[in-house]
Amino acid sequence: MLNVPTLWTVFVVNFLALGVIWAYVTRSYPKFAAARFWMASSFVGAIGAMTALVRLFVASPLPLLLGAAGVIAASCLAAMGIQRFYDRPVSWRLMTATGGLSLAGVVVFMVGFDHMQMRMLSYTLGQALPLALALHLLLSPPEGRVSPGARLSSIVILTILAILVARTVGNLLGHDLSARAGGQAHAVMVLGLLFLSMTLNFGFLLMAMDRLRGEVADLALLDDLTGVANRRHLLQRLTEECARSERNGAPFSLLVIDLDGFKTINDTHGHAAGDTCLKHFTLMAQTRLRPGDMLARTGGDEFCVVLPSSSLREAAAIARRVLEVCRQDAEACTGDEIPIAISIGVAQWDRGIGSFPDRLMANADHALYAAKKNGKNDFAVYDPAPPLSPEPVDSHEGARKIRLEPC
């Protein structure tokens, strides 16, 4: 025989333990806002269950009302944690209104006039609605990928909703499955909801682990100073693009960018000013790139831009745009502001490069060297085929295309 008070005691102990775990996660990862809601949900649920146990010793409906309020609030907080996990605005008004109306119904049908079916219906809606409203985020997350933790959490929520619906139907059919009546049917449901609630929190923990692991992976591929891709990420992307081009024959291009006179900036103005220049250049360059283009810092004052599905002509046009935004910014500098000048080398993938991204980078480096040799603040295009006649100089743009023989 299942003992309901014992089950509620287990409920209290387990949710206090879950609350402590979430408190530790919150302390360790203060920017992980969802953990605060799930911590509050665990503690509030434990307090609600603890209060409901007092009804065994106090002949008053107040402990049951407070216990119901705690369980409803725990459901709302759990749903709000899901919203916050997916960076959605937390529906404080909606959750407060849902919980408040549900609890008001419990009060009316317990204190005003005793109606078990309507009281349990109000209580069930307060538990079920918040979780049901957040379920779509678990099943169809904004990023498109359903993580194992989210899948487990959604299955658990659907099972909880099924049990709550079954309890409501049983009450409407005349079977008193409320806490006041007790009984084995109620005990079995409490045991099931206890197990599922614990499993739901484990699903949330898996979601947190997946998110934190993803953030660590992102940090390993991002430059600490500028926030763009680092050299490791660049090489991964270039390898992928080379393999794709080998399969379908579609070209792509690469820009290699170097800040002119960067050592002088560091020596004259200090490394902090140099770091500011690097971050400022990053912001300027990103305004002239297309969605899908990848800007990476490969070290020091050196950057690369991967241009998927781009011909040499298209890459040269983008290089000109990046060069122009830097020139315009330099012309607008006043006072202590430091003008930024850059040189760019442009190269395109071909069959000779194959699956070796270092060959493409070497070609772009050759073009960059030519741009530097030509007077800096310019761009050059690597083309292994020599022209029959000299390329014209575009005086309006001020960018000279330089064709190089391969070494």
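Residues numbered from 1 in each chain as written. Predicted model: local features only at pLDDT ≥ 70, side-chain atom pairs only at ≥ 80, totals over all residues. Heavy atoms only, no water.

Undergrad: Quick one: what's the story with the overall build of the chain, residue by residue and with numbers?
TA: Along the chain, the regular secondary structure elements total 12 helices and five strands. Here the chain has a C-alpha radius of gyration of 32 Å; the compact-globule value for 407 residues is 22 Å, and the former is much larger. Considering only C-alpha atoms, the chain reaches an extent of 100 × 50 × 30 Å along its principal axes. Scored against the burial criterion, the 407 residues of the chain give a buried share of 48%. Taking as baseline every contact in the chain between residues at least 6 positions apart, the subset at least 24 positions apart corresponds to 69%. Per element, the accessible surface of the chain, about 20100 Å² overall, is 62% carbon and sulfur. (Helix = DSSP H or I, 4+ residues; strand = E, 2+ residues; numbered from the N terminus. Rg over C-alpha atoms; globule rule 2.2 N^0.38 Å. Buried < 20%, exposed > 50% of the residue type's maximum accessible area, 1.4 Å probe, protein only. Contact = heavy atoms within 4.5 Å. Areas by Shrake-Rupley, 256 points an atom, 1.4 Å probe, with all protein chains shown as cover.)

Undergrad: Can you tell me about the environment of Arg 297, naming the residues and giving the values?
TA: Mapping Arg 297 onto the fold places it in strand E2 (residues 294-299). Since its relative accessible area comes to 15%, Arg 297 is described here as buried. Along the backbone, Arg 297 and Thr 282 are 15 residues apart, and their C-alpha atoms lie at a distance of 8.9 Å. Apart from the residues within four sequence positions on either side, Arg 297 is in contact with Asp 223, Leu 225, Thr 226, Val 228, Ala 229, Asn 230, Arg 231, Leu 278, Glu 302 and Phe 303.

Undergrad: Tell me what's going on with the packing of helix H6 (residues 148-172) against helix H7 (residues 184-220), and back it up with residues and numbers.
TA: Any two packed helices are characterised by how steeply their axes cross, that is the angle between the axes, and by the distance between the axes. Running from amino to carboxyl end, H6 crosses H7 at an angle of 160°, the nearest separation of the two axes being 8 Å. When the interaxial angle is binned, H6 and H7 end up roughly antiparallel. Pair H6 / H7 crosses with left-handed handedness. Only Met 189, Leu 193, Leu 196, Thr 199, Leu 200, Gly 203, Phe 204, Leu 206 and Met 207 of H7 make contact with H6, whose side of the interface consists of Gly 149, Ala 150, Leu 152, Ser 153, Val 156, Ile 157, Thr 159, Ile 160, Ile 163, Leu 164, Ala 166 and Arg 167. (Axes fitted to C-alpha atoms, helices over the stretch in contact; angles between N-to-C directions. Parallel < 35°, antiparallel > 145°, perpendicular 65-115°, else oblique. Left-handed = near helix turned anticlockwise from the far one by under 90°.)

Undergrad: Help me get a handle on the confidence of the model for the chain, residues and values and all.
TA: Close inspection of predicted coordinates is inappropriate for parts of the model with low pLDDT. When pLDDT is averaged along the chain, the result is 87, and 91% of the positions lie at 70 or above. The low-confidence segment residues 387-401, where pLDDT is below 50, has 23 contacts with residues more than four positions distant or belonging to other chains. (pLDDT = per-residue confidence, 0-100.)

Undergrad: Describe the sheet that holds strand E3 (residues 302-307), and please don't skip the residues or the numbers.
TA: Taken in spatial order, the five strands of this open sheet run E2-E3-E1-E4-E5, and their pairing is mixed. With partners counted over all chains shown, the strands left at the sheet margins are E2 and strand E5 (379-381), one partner each. Sheet twist, expressed as the average angle between the axes of neighbouring strands with direction ignored, equals 20°. Judged from the six bridges that link them, strand E1 (residues 253-259) and E3 form a sheet pairing that is antiparallel. Each residue of the ladder has a partner; that of Leu 255, found in E3, is Val 305. (Pairing = 2+ DSSP bridges.)

Undergrad: With reference to specific residues and values, describe unusual backbone geometry.
TA: Phi at Ser 309 takes a positive value of approximately 50°, unusual for a residue other than glycine. Mapped onto the elements, Ser 309 comes out in the loop between E3 and helix H11 (312-331). Positive phi values are uncommon outside glycine, yet Lys 376 reaches one of about 65°.

Undergrad: Report on the pattern of salt bridges, specifying residues and quantitative values.
TA: If you walk through the whole model with that rule in mind, you get 12 salt bridges. Between Asp 210 and Arg 213 there is a salt bridge, and its shortest N-O distance comes to 3.0 Å. Here the residue Asp 210 and the residue Arg 213 both occupy positions in helix H7, the gap between them amounting to three residues, near one helical turn. Taking relative accessible area as the criterion, Asp 210 reaches 16% and is therefore assigned buried. Here Arg 213 falls in the exposed class, since its relative accessible area comes to 51%. Ionic pairing is found between Arg 327 and Glu 324, a salt bridge with its closest N-O pair at 3.1 Å. Here Glu 324 and Arg 327 lie together in helix H11, a separation of three residues that amounts to about one turn. (Salt bridge = Lys/Arg side-chain N within 4 Å of Asp/Glu carboxyl O.)

Undergrad: Mind laying out the nonpolar core, listing which residues take part and the relevant values?
TA: Trp 22, Phe 32, Trp 38 and Ile 82 are the most contacted members of the largest nonpolar core, which totals 46 residues. Residue assignment for this core shows that the elements contributing at least two residues are helix H1 (4-28), helix H2 (33-53), helix H3 (62-85), helix H4 (92-112), helix H5 (116-139), H6 and H7. Ranked by residues supplied to this core, first place goes to H3 with 12 residues. The contacts of Phe 32, once residues within four sequence positions are left out, are Trp 22, Val 25, Trp 38, Phe 85, Ala 208 and Arg 211. Counting residues in each nonpolar core, the second largest holds 33 residues, with Ile 257, Cys 277, Ala 315 and Val 325 among its members. (Core = buried A, V, L, I, M, F, W, Y, C linked by side-chain atoms within 4.5 Å.)

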